[in-house]
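Secondary and tertiary structure notes
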2 protein chains.
Amino acid sequence: MADVAARAGVSLGTVSRALRGLDGVSPGTRDRIREVAAELDYVVNPEAAALAGRSTGRVAVVLHDLPSWYGSSVVLGLERVLRPAGLDLLVRCVDDPEDRVRFFASMPLRRKVDAVVVVAIALTSAEVAKLHDGGVAVVAAGSHSPDVPFVAIDDVLAAQQAVNHLLQLGHRRIALLNTVAATDRAWQAQRDREQGFRLAMEMAGIPVDEELVVSWSGGSRGGAQGMDRLLSGRRLPSAVFAFSDEVALGAMRSLRRAGIGVPRQISVLSIDDHPLAELTDLTTVAQDPVALGRAAAEQVLDLLHGRPVREVGPFPTRLVVRGTTAPPLE
Amino acid sequence: MADVAARAGVSLGTVSRALRGLDGVSPGTRDRIREVAAELDYVVNPEAAALAGRSTGRVAVVLHDLPSWYGSSVVLGLERVLRPAGLDLLVRCVDDPEDRVRFFASMPLRRKVDAVVVVAIALTSAEVAKLHDGGVAVVAAGSHSPDVPFVAIDDVLAAQQAVNHLLQLGHRRIALLNTVAATDRAWQAQRDREQGFRLAMEMAGIPVDEELVVSWSGGSRGGAQGMDRLLSGRRLPSAVFAFSDEVALGAMRSLRRAGIGVPRQISVLSIDDHPLAELTDLTTVAQDPVALGRAAAEQVLDLLHGRPVREVGPFPTRLVVRGTTAPPLE
DNA sequence: CTGAAAGCGCTTACAG
DNA sequence: CTGAAAGCGCTTACAG
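Procedures and definitions
- Residues numbered from 1 in each chain as written.
- Chains lettered and ligands numbered in written order.
- Predicted model: local features only at pLDDT ≥ 70, side-chain atom pairs only at ≥ 80, totals over all residues.
- Heavy atoms only, no water.
- Helix = DSSP H or I, 4+ residues; strand = E, 2+ residues; numbered from the N terminus.
- Polar contact = N/O pair within 3.5 Å; in protein donor to acceptor, adjacent residues only side chain to side chain.
- Contact = heavy atoms within 4.5 Å.
- Least-squares fit on C-alpha atoms with pLDDT ≥ 70 in both.
- Pairing = 2+ DSSP bridges.
- Axes fitted to C-alpha atoms, helices over the stretch in contact; angles between N-to-C directions.
- Core = buried A, V, L, I, M, F, W, Y, C linked by side-chain atoms within 4.5 Å.
- Buried < 20%, exposed > 50% of the residue type's maximum accessible area, 1.4 Å probe, protein only.
- Salt bridge = Lys/Arg side-chain N within 4 Å of Asp/Glu carboxyl O.
- Near = heavy atom within 4 Å.
- Nonpolar A, V, L, I, M, F, W, Y, C, P; charged D, E, K, R; others polar.
- Expected span 1.5 Å × (residues − 1).
- Domains from an automatic or database assignment.
- Parallel < 35°, antiparallel > 145°, perpendicular 65-115°, else oblique.
- Left-handed = near helix turned anticlockwise from the far one by under 90°.

**Some details on the side chain of Thr317 of chain B**
All names here are of chain B. Residue placement: Thr317 occurs in the loop between helix H13 (289–304) and strand E11 (318–320). At 2.6 Å, the side chain of Thr317 and the side chain of Gln161 are in polar contact. When near neighbours in sequence (up to four residues on either side) are disregarded, Thr317 contacts Ile153, Ala158, Gln161, Val285, Ala286 and Gln287.

**Re the relation of the copies chain A and chain B**
Mapping chain A onto chain B leaves a residual RMSD of 1.6 Å; the transformation is a rotation of 180° accompanied by 0.8 Å of translation along its axis. The superposition operator between the copies reduces to a two-fold rotation axis. The C-alpha atom lying nearest the rotation axis in chain A is that of Leu90 of chain A; the distance is 1.9 Å. In this assembly the copies share their binding face: 93% of the residues contributing to the interface of chain A also contribute to that of chain B.

**Some remarks on the sheet that holds strand E10 (residues 283–286) of chain B**
Residues and elements named next belong to chain B. Read across the sheet, 6 strands follow the order E7-E6-E8-E9-E10-E11 without closing on themselves; strand pairing throughout is mixed. Here the strands that pair on one side only, and so sit at the sheet edges, are strand E7 (213–216) and E11. Taken over all neighbouring pairs, the strand axes of this sheet differ in orientation by 20° on average, direction set aside. Inspection of the sheet shows strand E9 (residues 267–272) paired to E10 by 4 bridges, in the parallel sense. Looking at E10, one finds that Asp272 is bridged to Ala286. Against the sheet, helix H9 (residues 187–203) contacts strand E6 (174–179), E7, strand E8 (239–242) and E9, and its axis sits at roughly 170° relative to E6.

**Topic: the nonpolar core**
Counting 100 residues, the largest nonpolar core has Phe241 of chain A together with Phe241 of chain B as its most contacted members. Judged by nonpolar contacts, the second largest core, of 42 residues, contains Leu212, Val214 and Met252 of chain A together with Leu279 of chain B.

**Observations concerning the pattern of salt bridges**
All names here are of chain B. Summed over all chains, the structure comprises 32 salt bridges over all chains. In this structure, Arg310 engages Glu298 in a salt bridge whose closest nitrogen and oxygen atoms are separated by 3.6 Å. Placement of the pair is Arg310 in the loop between H13 and E11 and Glu298 in helix H13, with a sequence separation of 12 residues. Judged by relative accessible area, which is 44%, Arg310 ranks as partly exposed.

**Some words on the protein's contact with DNA strand D**
Around DNA strand D, the structure places 23 residues, and the nearest of them are Met1, Ser16 and Tyr42 of chain A together with Gly24 and Thr29 of chain B. In the interface set of DNA strand D, defined as its atoms within 4 Å of the protein, sugar plus phosphate atoms amount to 72%. The contact in question runs from a phosphate oxygen of DNA strand D to an N or O atom on the side chain of Arg20 of chain A, over 3.1 Å. Within the side chain of Thr29 of chain B, an N or O atom sits 2.8 Å from a phosphate oxygen of DNA strand D. Looking at the surface near DNA strand D, the elements with two or more residues in it are helix H2 (12–19) and helix H4 (46–52) of chain A together with helix H2 (12–19) and helix H4 (46–52) of chain B. Here the residues of the surface near DNA strand D sort into 10 nonpolar, 10 polar and 3 charged.

**What to know about helix H11 (residues 245–257) of chain A**
Residues and elements named next belong to chain A. Look at H11: 18 Å from first C-alpha to last across 13 residues, which is about the 18 Å you get at 1.5 Å a residue. Burial analysis of H11 places 10 of its 13 residues in the buried class, the great majority of the element. Along H11, the positions that sit buried rather than exposed are Asp245, Val247, Ala248, Leu249, Gly250, Ala251, Met252, Arg253, Ser254 and Leu255. A positive phi of about 75° marks Gly259, the residue just after H11.

**Remarks on the domain arrangement of chain A**
Each assigned domain of chain A is listed with its residue range as follows: domain 1 (1–43), domain 2 (58–152 + 290–305) and domain 3 (155–287). Once you take the C-alpha centre of each, domain 1 of chain A and domain 2 of chain A turn out to be 35 Å apart.

**What to know about the interface of chain A and chain B**
Frequently, the measure chosen for interface size is the accessible area removed from exposure when the parts meet. In this assembly, 43 residues from chain A lie in contact with 43 residues from chain B. Run the count over chain A and chain B and you get 6 salt bridges. A salt bridge links Arg58 of chain A to Glu47 of chain B, with the nearest nitrogen and oxygen atoms 3.1 Å apart. Counting across the chain A and chain B interface gives 13 residue pairs in polar contact (both at pLDDT 80 or more). Only H4, helix H5 (69–82), strand E2 (88–93), helix H6 (97–105), helix H10 (219–231), H11 and helix H12 (275–279) of chain A provide two or more residues apiece to the side of chain A that touches chain B. Residue classes in the side of chain A that touches chain B are distributed as 17 nonpolar, 10 polar and 16 charged. Pairing of E2 of chain A with strand E2 (residues 88–93) of chain B, which is carried by 3 bridges, proceeds in the antiparallel orientation. Across the sheet, residue Val91 of chain A finds its bridge partner in E2 of chain B, namely Leu89 of chain B.

**Overview of the protein's contact with DNA strand C**
Around DNA strand C lies a shell of 24 residues, among which Thr14 and Gly24 of chain A together with Met1, Ser16 and Tyr42 of chain B are the nearest. Here, DNA strand C places atoms within 4 Å of the protein, and 75% of those atoms are sugar or phosphate. Thr29 of chain A places a side-chain nitrogen or oxygen 2.8 Å from a phosphate oxygen of DNA strand C. Within the side chain of Arg17 of chain B, one N or O atom sits 3.4 Å away from a base nitrogen of DNA strand C. For the surface near DNA strand C, the secondary-structure elements that each account for two or more residues are H2 and H4 of chain A together with H2 and H4 of chain B.

**Section: the packing of H5 of chain A against helix H13 (residues 289–304) of chain A**
Packed helix pairs are specified by the crossing angle of their axes together with the interaxial distance, meaning the distance between the axes. All names here are of chain A. Packing of H5 against H13 brings their axes to within 7 Å, and their N-to-C directions diverge by 45°. When the axes of H5 and H13 are compared, the pair comes out oblique. Considering how the two elements wind past one another, H5 and H13 form a crossing that is right-handed. Of the residues in H13, those touching H5 at Trp69, Tyr70, Ser73, Val74, Leu76, Gly77, Leu78, Arg80, Val81 and Leu82 are Pro289, Val290, Leu292, Gly293, Arg294, Ala296, Ala297, Glu298 and Leu301. Its residues assigned to classes, the contact of H5 with H13 comprises 13 nonpolar, 3 polar and 3 charged.

Below, the structure is given as structure tokens:
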């Protein structure tokens, strides 16, 4: 920058202001400075700028399930809008609840990033306060935290869309295959989807058989085990609404092994529209986590530029009927 | 850092040296300083460190397929060893070939990161030279580049393992469902797997029917289309070796739609052991991309610490026999 | 509108 | 083994 200043015959401060387009530089000098800078192929040193100013040009994304379709899609969406905006993306996986507590307790984010996006993680007020005190902007994707802008689908609605489809097909004995672990989305999604399930049943005037409500660990393995549990019950359900596509795929494996036809004997559907849902012909309620990531990134930009954050309504979800749902037998 | 120095009763320089484990600090003072730092939840400001010294405390991972099992698993592996080492991980997705050229041409990595890990991307000598000139260390995972340490499986061998399994079952009309696009691993993997396929056939003394060698775009969609192509041929194969599990799953959908039984009429197998392979009962040659990521991270640490880089042999792959392969009919 | 100067929080020769 | 000091390349009050 010193070179640029010397060559343009101005001071460092003026160059700094001109290059960033701040007010208080005459158009003439500004243009001349920019010309010289271009000529010299000059780019500001981000470390120095960050040290002197207060922004780092980086945002962190914190999630717990990286090698998963959902998490990595959100990251992709974030990257797609953050990078063109000149911001770099830093990823941090938190494995288990303890790791997560440790992470937010010892705020290593301060001065490392301008903002953090938490994916499917519900922060406590204390955690949010700590981040804000550290001057770090916070945005949530797929979960809610106090005083934090967020983007998310309406989990209650998504579950209703799923269950209503089963109801319309004529099902009455509908099982809920939910998940519990912190490794699978936030507890909020679990709670909301269960609520949507119950709401839909209630509106149809059908009492929920509590024996058909199972909460197991997440992922396909959990889905398989949860389905085994359902299969060992006194009466089988005629349809299963699973927390996610992965859970549903696990459940379908159990059904296949038990020799139960899908959808002939039992219908299965879930939420996500994972790329493999199409391959396995799974009926599901689709969501778009890449779009979610993009929207979260927009909120980050608003926050960093001091603009009012665009409030976005719940992200749309839509039923995709494929081959794993059909009217019940008899 | 000033706080830590004051509290420990030493100078800034000593704290800096102690925290980085440099020589020339007595074990006693070093431990005391570290204790105080821990107590104060102190973390060095990376900007200042980078500005004063030359390292940024960051490493970038560059890949093209983020929302994929392979890519995100490698990232997870990297994160798992880089983070404990005090390094932050920055992700950069390159979408298409042009984007990738642009990225490496305008070296925005200089002074932003200490090292870059390319995942399944083959760099040119010029690109590598540019990175090295910029003082950036380079490591490759799942691909090779000139003068760059790498970790990878032996793709030729993996393909042979797959094809040999089919040969032992008695198959002779074996199709290769390969991929071409840059969006799916590096071209190196495609070439090597095809070579492994041909090698195995040759060693079994079976001529390859070139009509059964199909290269389609990647992903499950490409697999489905490639399989359609094979199905429209004059004579069907009795077994299909697919580039990856995703491709194989796409192929299996085409087979299902065509009413062809797997493995009764056609056997299918591939490479990866994607979590969904188990769910869909897919026979495959397993690899471990998380381990690959960890190993790449170790190499990065070696490079950054000026240690000789540990050469690691090809990562092991192993055949996992499941339900999609069986002896040929009749 | 522009400049001179302090300072961001570290690292690194250089002394001792 | 440890300290005092210069300096990394910027930004930002503060003057003018």
